[in-house]
Amino acid sequence: GNSVTQMEGPVTLSEEAFLTINCTYTATGYPSLFWYVQYPGEGLQLLLKATKADDKGSNKGFEATYRKETTSFHLEKGSVQVSDSAVYFCALRGGQNFVFGPGTRLSVLP
Amino acid sequence: EPEVTQTPSHQVTQMGQEVILRCVPISNHLYFYWYRQILGQKVEFLVSFYNNEISEKSEIFDDQFSVERPDGSNFTLKIRSTKLEDSAMYFCATGRIGSSTDTQYFGPGTRLTVL
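Attention in this report is confined to the structure presented alongside it. (Residues numbered from 1 in each chain as written. Chains lettered and ligands numbered in written order. Predicted model: local features only at pLDDT ≥ 70, side-chain atom pairs only at ≥ 80, totals over all residues. Heavy atoms only, no water.)

**Examining the layout of surface pockets**
Phase 1 of the analysis: In this structure, the largest pocket spans a volume of roughly 490 Å³.
Phase 2 of the analysis: Looking at the lining of the largest pocket, the elements with two or more residues in it are β10 (86-93) and β12 (104-109) of chain A.
Phase 3 of the analysis: Tallying contributions element by element places β12(A) first for the lining of the largest pocket, with four residues.
Phase 4 of the analysis: Among the residues making up the lining of the largest pocket, the classes are represented as ten nonpolar, nine polar and five charged.
Phase 5 of the analysis: Estimates place the volume of the second largest pocket at around 400 Å³.
Phase 6 of the analysis: Along its surface, the second largest pocket is lined by 17 residues, and L44(A), Q45(A), E3(B), Y105(B) and F106(B) are the ones closest to its centre.
Phase 7 of the analysis: When residues of the lining of the second largest pocket are traced back to their parent elements, those giving at least two are β6 (44-50) of chain A together with β10 (105-106) of chain B.
Phase 8 of the analysis: Among the elements that make up the lining of the second largest pocket, the one with the highest residue count is β6(A) (three residues). (1 Å grid on protein atoms, 1.4 Å probe; cavity = no way out; pocket = protein on both sides within 12 Å on 5 of 7 lines; lining within 4 Å. Points joined across faces, edges and corners; volume = space filled by probe spheres on them. Helix = DSSP H or I, 4+ residues; strand = E, 2+ residues; numbered from the N terminus. Nonpolar A, V, L, I, M, F, W, Y, C, P; charged D, E, K, R; others polar.)

What follows is the structure, given as structure tokens:
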């Protein structure tokens, strides 16, 4: 079946540091890939998505490229802020429902 | 921007009691989903619903669970006889179309605590 693996963290960075959160997937067919973010005490918010190979999703300075050859969708940001502290979930959608990774907690220190 | 809403935000119940969690989807969305997140764990799919029918469900969604759209607007998840292990955050999500490229929009969640 479909599955998503991501680095579990926690990841602690200083403000303005470079962020990478690795995500790899296993799926049949051609899934769409998503990153969702969960801020403390809140629900899941879509951060970005890519629906086919080589697509790059981007939002709020975050980027991720759909790499079919390595089955990866790593999340990157060039300069993180304290306000980026949250849990980040990589997810794929091959059919109707989502399969989520375990989430990566990011803490950004001032 | 339209959003998915859920009520209540927090529900505390005794083991064996029935609970109903409510969701109001975005108005032009036709596909509805429930997920749960046990504290500190990953988000798990429970069920998808379209055209007044369950279209897909996971192993978690056993006979204790049911969903319905009682009045054409609310989308509810009922747990018939709650167990301690049902304690979790329950998220409703909705989508405009059911394709794999469609984004699902999540509500803020209902935290269920079973004592």
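The discussion continues.
**Notes on the interface of chain A and chain B**
Phase 1 of the analysis: Facing the 21 residues of chain A at the interface are 22 residues of chain B.
Phase 2 of the analysis: Carbon and sulfur atoms make up 49% of the surface buried where chain A meets chain B, a total of about 1700 Å² over both sides.
Phase 3 of the analysis: Where chain A touches chain B, the interface holds zero salt bridges.
Phase 4 of the analysis: Every element with two or more residues in the side of chain A that touches chain B is listed here: β5 (32-38), β6, β10 and β11 (98-100) of chain A.
Phase 5 of the analysis: Ranked by residues supplied to the side of chain A that touches chain B, first place goes to β5(A) with four residues.
Phase 6 of the analysis: Per-class residue counts for the side of chain A that touches chain B are nine nonpolar, nine polar and three charged. (Contact = heavy atoms within 4.5 Å. Buried area = accessible area lost by both parts, 1.4 Å probe. Salt bridge = Lys/Arg side-chain N within 4 Å of Asp/Glu carboxyl O.)

**Structural notes on the sheet that holds strand β8 (residues 62-65) of chain A**
Residue and element names in this part refer to chain A.
Phase 1 of the analysis: In spatial order, the strands read β3-β9-β8-β7; together these four strands make up an open sheet with antiparallel pairing. Strands at the two margins of the open sheet, each flanked by one partner only, are β3 (19-21) and β7 (56-59). Taken pair by pair, the neighbouring strands of this sheet meet at an average axis angle of 15°, ignoring direction.
Phase 2 of the analysis: Where β8 and strand β9 (residues 75-77) come together, three bridges link them in antiparallel fashion. Looking at β9, one finds that A64 is bridged to L75. (Pairing = 2+ DSSP bridges. Axes fitted to C-alpha atoms, helices over the stretch in contact; angles between N-to-C directions.)

**Looking at the nonpolar core**
Residues and elements named next belong to chain A.
Phase 1 of the analysis: Counting residues in each nonpolar core, the largest one holds 26 residues, and the members touching the most others are L19, W35, L47, L48, F73, L75 and Y88.
Phase 2 of the analysis: Put simply, the parts of the chain that give this core at least two residues each are β2 (11-14), β3, β4 (23-26), β5, β6, β8, β10 and β12.
Phase 3 of the analysis: Per-element tally for this core: the top contributor is β10, with four residues. (Core = buried A, V, L, I, M, F, W, Y, C linked by side-chain atoms within 4.5 Å. Buried < 20%, exposed > 50% of the residue type's maximum accessible area, 1.4 Å probe, protein only.)

**So, the state of the cysteines**
All names here are of chain A.
Phase 1 of the analysis: Enumeration according to the criterion identifies two disulfides over all chains in this entry.
Phase 2 of the analysis: Covalently, C23 is tied to C90 through a disulfide, its sulfur atoms 1.9 Å apart. One quick way to see it: the torsion about the S-S bond of C23 and C90 is about -65°, and its sign makes the bridge left-handed. You can see C23 sitting in strand β4 and its partner C90 sitting in strand β10, a full 67 residues away along the chain.
Phase 3 of the analysis: Judged by relative accessible area, C23 falls into the buried class, the value being 1%.
Phase 4 of the analysis: The buried category is assigned to C90, whose relative accessible area is 1%. (Disulfide = S-S within 2.5 Å.)

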